[in-house]
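Geometric and topological summary
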Amino acid sequence: MGLFDIFRKKKDTKTEVNVEILYPQGETAPITDNETAEIVKKAPNNIQQTNELKDQVDLVPKNSDVEGQTKNELKPETKEISVTDVSEDITETDHYEKGLEKSRQSFGEKLNAFFAKFRTVDEDFFEELEDTLIQADVGYQVAMRISDELRNEAKLQKAKNKNDLKRVIVDKLIEIYQSSGNGEDNTMHFAPEGPTIILFVGVNGVGKTTTIGKLANLYHQQDKKVLLAAADTFRAGATEQLIEWANRDHVDIVTGAARVDPASVVFDAVKKAKNENYDILFVDTAGRLQNNVNLMQELAKMKRIITRELPQAPHEVLIVLDATTGQNAIQQAKLFKESTDVTGIVLTKLDGTAKGGIVLAIRDEMHLPVKWVGLGEKASDLRPFMPEEFVKGLYKGLID
Ligand SMILES: Nc1nc2c(ncn2[C@@H]2O[C@H](COP(=O)(O)OP(=O)(O)OP(=O)(O)O)[C@@H](O)[C@H]2O)c(=O)[nH]1
C-alpha cells in the first residue's frame, strides 16, 4: 500500500526618495476603530524619521508578547537587496530554468526512481505514479486526473520502452498545465486613468514586502511614478524593509509609526497618489492569519477606505503565497478568498522548493490566476507567470 492510498480511498472525487511618516496624535497605541484617524504629518526626512520609528519600536515593553510576536521579533531587519541585475541580458527561459532547477531535479529523480521499478503498465504502475505526482505537490485531484487520463491513453499501452512511457507522461503533464490555464487572465489590471492601486495580502513571511520592492523596481524602470504604502505597521521591521526598497528603487513611500492604524496610512497614501498623480500605489499589509477575525476586518477596512477614495480601486488584490509551504499555501489562499476579493496570486520562493508542481494544484483548485512567480531573491527574479516557460523549466531534459 502506497503512502497516499489512504487519500485515494476517498476518491470520487527617480532618485529622490520622499518618505512620509504618519504619527497618531500623542502616542503610539493602535487606533482601531477610527477610520479617519487624526494624523500629524512630519516633514519628510528619510533617515531621521526612520530612526524615530526605531525609537518608537523600542517603546514596546520588554519581552511583551504582542499577538504572538516577542520584542526580539519586532527588531527592525535590514537586508542587502540587489536590484542592480535588472539589466542583465538573460532570457525568460533562462530565468525559469534556473528558478525551477530544484523542482526539476527532484521531479526528475522521482520519475527515474519510479521508472526503475516498473516493467509493465499495470494497476501498481498507476498507483505508484499517483504517489509520485502527489509528492511533487501537483495536488491530489490533479494527480488522479493525470493517472485516469493516462489509463485511457492508447499511446501509453503501445509504449515500447521507458523513454516512450516517460514521454507520454510528461506530454500529459504539459497538456494539463496548458489546458488548466485556458481563459486565465494573468495580466495586471491598470486604471485607465488616475492611480492604479494594488493591495498585497498574505500570511507572515510569504514575501509580500519583497514582492512589492521587486515590482516597484520593475515599474519604476518603465518610467511609472510609483508610491509605496507601508501599511504593515504591526511588524516594525516591515516598514524599514519597505523604506529600504523605496530607497533602492528610487520611489516614494508613505509609512506610519509603529502600531498606528494601518488604514490611516492607506488613507494618506491614496490621497497622495491622487493629488500628486502617481501611476501606481502598492500597499503592503501586515501578515495575518487568515482565521484571525480582527486582522481580516482590518484588511476590509483598508479596502473600504481605498474604494471610498477611488471607487474602481483596488484594481488588484494579490495574495502572496510561499511555494515552499506546498499544500498549505492552497489552504491559505482559500480562506483569504472567502473574506477578500482576491484577483490573483503571487507565488514566491519557487527557487527554494522542490515542489514547483504546486502551480498546477493552485490553478486547478483555486480558479485564481497566478500573475507573478518569485524565482529568486533578486529584483529581476520576480517574473510574470508564463505557463509555457514554466512547463519548460519544470520538465526540460526529462525526456531525451
Ligand atoms: N529565495 C526566495 N526568497 C524570497 C522570494 N520572495 C521573498 N523571499 C524572501 O522571503 C523572506 C520573507 O519575505 P518578506 O517580504 O519579508 O515577507 P512578508 O510577507 O512581507 O512578511 P511579513 O511582513 O512578516 O508579513 C525574505 O527573506 C525574502 O528575501 C523568492 O521568490 N525567492
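Here the residue numbering is sequential within each chain, running from 1 through the sequence in written order. pLDDT decides what is reported in this predicted model: residues at 70 or higher carry local features, side-chain atom pairs at 80 or more are listed and counted, and totals for whole chains, interfaces and linings draw on all residues regardless. Water and hydrogen atoms were dropped before computing side-chain values, which therefore reflect all heavy atoms in the structure.

Points about the pairing of strand β9 (residues 370-374)
In this scheme, a residue with accessible area under 20% of its type's maximum is buried, one over 50% is exposed, and one in between is partly exposed, where area comes from a 1.4 Å probe on protein chains only. Helix and strand assignments follow DSSP, with helices taken as H or I runs no shorter than four residues and strands as E runs no shorter than two, numbered in order from the N terminus. Across the five residues that make up β9, a large majority, five, are buried. At least two DSSP bridges between two strands are required for those strands to pair. One ladder, built from three bridges, connects strand β8 (residues 344-348) with β9; its direction is parallel. Residue pairing for β9: I345 is matched across the bridge by V370. The definition of a right-handed crossover adopted here requires that, viewed with the strands pointing away, the path from the first strand over the helix to the second runs clockwise. Of the crossover connections in this fold, the one passing from β8 over helix α15 (residues 358-366) to the parallel β9 is right-handed. Sheet topology note: the β9/strand β10 (residues 382-384) ladder contains three bridges and is antiparallel. Residue W372 lies in a different strand from β10, and its bridge partner there is P384.

A short note on the site of the ligand
When at least one non-hydrogen atom of a residue lies within 4 Å of a molecule or strand, that residue is treated as near it. The ligand sits among 21 residues. The nearest are K208, T209, T210, D351 and E377. Using the Shrake-Rupley algorithm and a 1.4 Å probe, accessible areas are obtained, with residue cover drawn only from the displayed protein chains. Calculation on the ligand without its partners gives an accessible area of 660 Å², and the protein chains cover 86% of this total. The biggest single contributor to the shell around the ligand is helix α10 (residues 208-221), with four residues. Counted by class, the shell around the ligand contains three nonpolar, ten polar and eight charged residues. Amino acids are sorted into nonpolar (Ala, Val, Leu, Ile, Met, Phe, Trp, Tyr, Cys and Pro), charged (Asp, Glu, Lys and Arg) and polar (every other residue, Gly among them).

What to know about the packing of aromatic side chains
Paired rings are identified among Phe, Tyr and Trp, the last through its six-membered ring, by centres lying within 6.5 Å, and are further divided according to the angle between planes into stacked (under 30 degrees), edge-to-face (over 60) and tilted (the rest). Throughout the structure, instances matching the rule amount to nine aromatic pairs. Taking 5.1 Å as the distance between ring centres and 65 degrees as the angle between the ring planes, the aromatic pair formed by F114 and F115 counts as edge-to-face. We note that F114, like F115, is buried. Ring centres of F200 and F282 lie 5.9 Å apart, and the angle between their planes is 55 degrees; on these two criteria the pair is classed as tilted. Note that F200 is positioned in strand β3 (residues 196-201) and F282 in strand β6 (residues 280-285), a separation of 82 residues in sequence. For the pair F200 and F282, a shared accessibility class is recorded, and that class is buried.

A word on helix α5 (residues 101-117)
Given the number of residues in a helix, its expected span is that number minus one, multiplied by 1.5 Å. A rise of 1.5 Å per residue sets the reference length of α5, with its 17 residues, at 24 Å; its end C-alpha atoms lie 24 Å apart and thus fit the reference within 8%. Where α5 is concerned, the buried positions are S103, R104, S106, F107, G108, L111, F114 and F115.

Looking at the pattern of salt bridges
A carboxyl oxygen of Asp or Glu within 4 Å of a side-chain nitrogen of Lys or Arg is what we treat as a salt bridge. Taken as a whole and assessed by the stated rule, the structure comprises 17 salt bridges. The partner of R145 in a salt bridge is E149, with the nearest N and O atoms 3.3 Å apart. A residue pair is termed a helical-turn pair when its members lie 3 or 4 positions apart in one helix, as R145 and E149 do in helix α7 (residues 140-151) at four residues. Exposure remark for R145: the relative accessible area of 28% places this residue in the partly exposed category. Judged by its relative accessible area of 27%, E149 falls in the partly exposed class.

Notes on empty space enclosed by the protein
Put simply, the largest cavity is a space of about 50 Å³. Partitioned by chemical class, the residues of the lining of the largest cavity number five nonpolar, three polar and one charged. The split into domains, and so the bounds of each, comes from an automatic or database assignment of domains. Two domains each provide a minimum of three residues to the lining of the largest cavity, namely domain 1 (19-51 + 186-386) and domain 2 (94-180). The distinction between a cavity and a pocket rests on a 1 Å grid over the protein atoms alone: a 1.4 Å probe fits inside a cavity but cannot get out, while a pocket stays open yet meets protein on both sides within 12 Å along at least five of seven lines, and a residue with an atom within 4 Å of a point counts as lining. Grid points are joined across faces, edges and corners, and a volume is the space filled by probe spheres set on the points.

A short note on the environment of F107
Mapping F107 onto the fold places it in helix α5. Separated by 287 residues in the primary sequence, F107 and L394 have C-alpha atoms spaced 8.2 Å apart.

Digging into unusual backbone geometry
In the segment running from A313 into P314, the intervening peptide bond is cis, with an omega of -5 degrees. With respect to the element layout, P314 can be found in the loop between α13 (293-309) and β7 (316-322). Of note in this structure, D223 is not a glycine but carries a positive phi near 65 degrees. Inspection of the secondary structure assignment puts D223 in the loop between α10 and β4 (226-231). A positive phi angle, close to 50 degrees, is found at H367, a residue other than glycine. Examined against the element boundaries, H367 turns out to sit in the loop between α15 and β9. Residue class for H367 comes out exposed when judged on its relative accessible area of 64%.

A few points about α7
Residue pairs spaced three or four apart in an α-helix point in one direction, given the helix's 3.6 residues per turn. Between its first and last C-alpha atoms α7 spans 17 Å; for twelve residues at 1.5 Å apiece the expected length is 16 Å, and the two agree. Those residues of α7 not exposed but buried are Y140, V142, A143, M144, I146, S147 and L150.

Structural notes on the confidence of the model for the chain
Summarising the model, the chain shows a mean pLDDT of 76, and 76% of its residues fall at 70 or more. For every residue, the predictor states its confidence as a pLDDT score lying anywhere from 0 to 100. Residue contacts are counted whenever heavy atoms from the two residues lie within 4.5 Å of one another. The model gives residues 1-16 a pLDDT under 50, and that stretch makes 26 contacts with residues more than four places away or in other chains. The low-confidence segment residues 23-87 (pLDDT under 50) makes 126 contacts with residues lying over four places distant or belonging to another chain.

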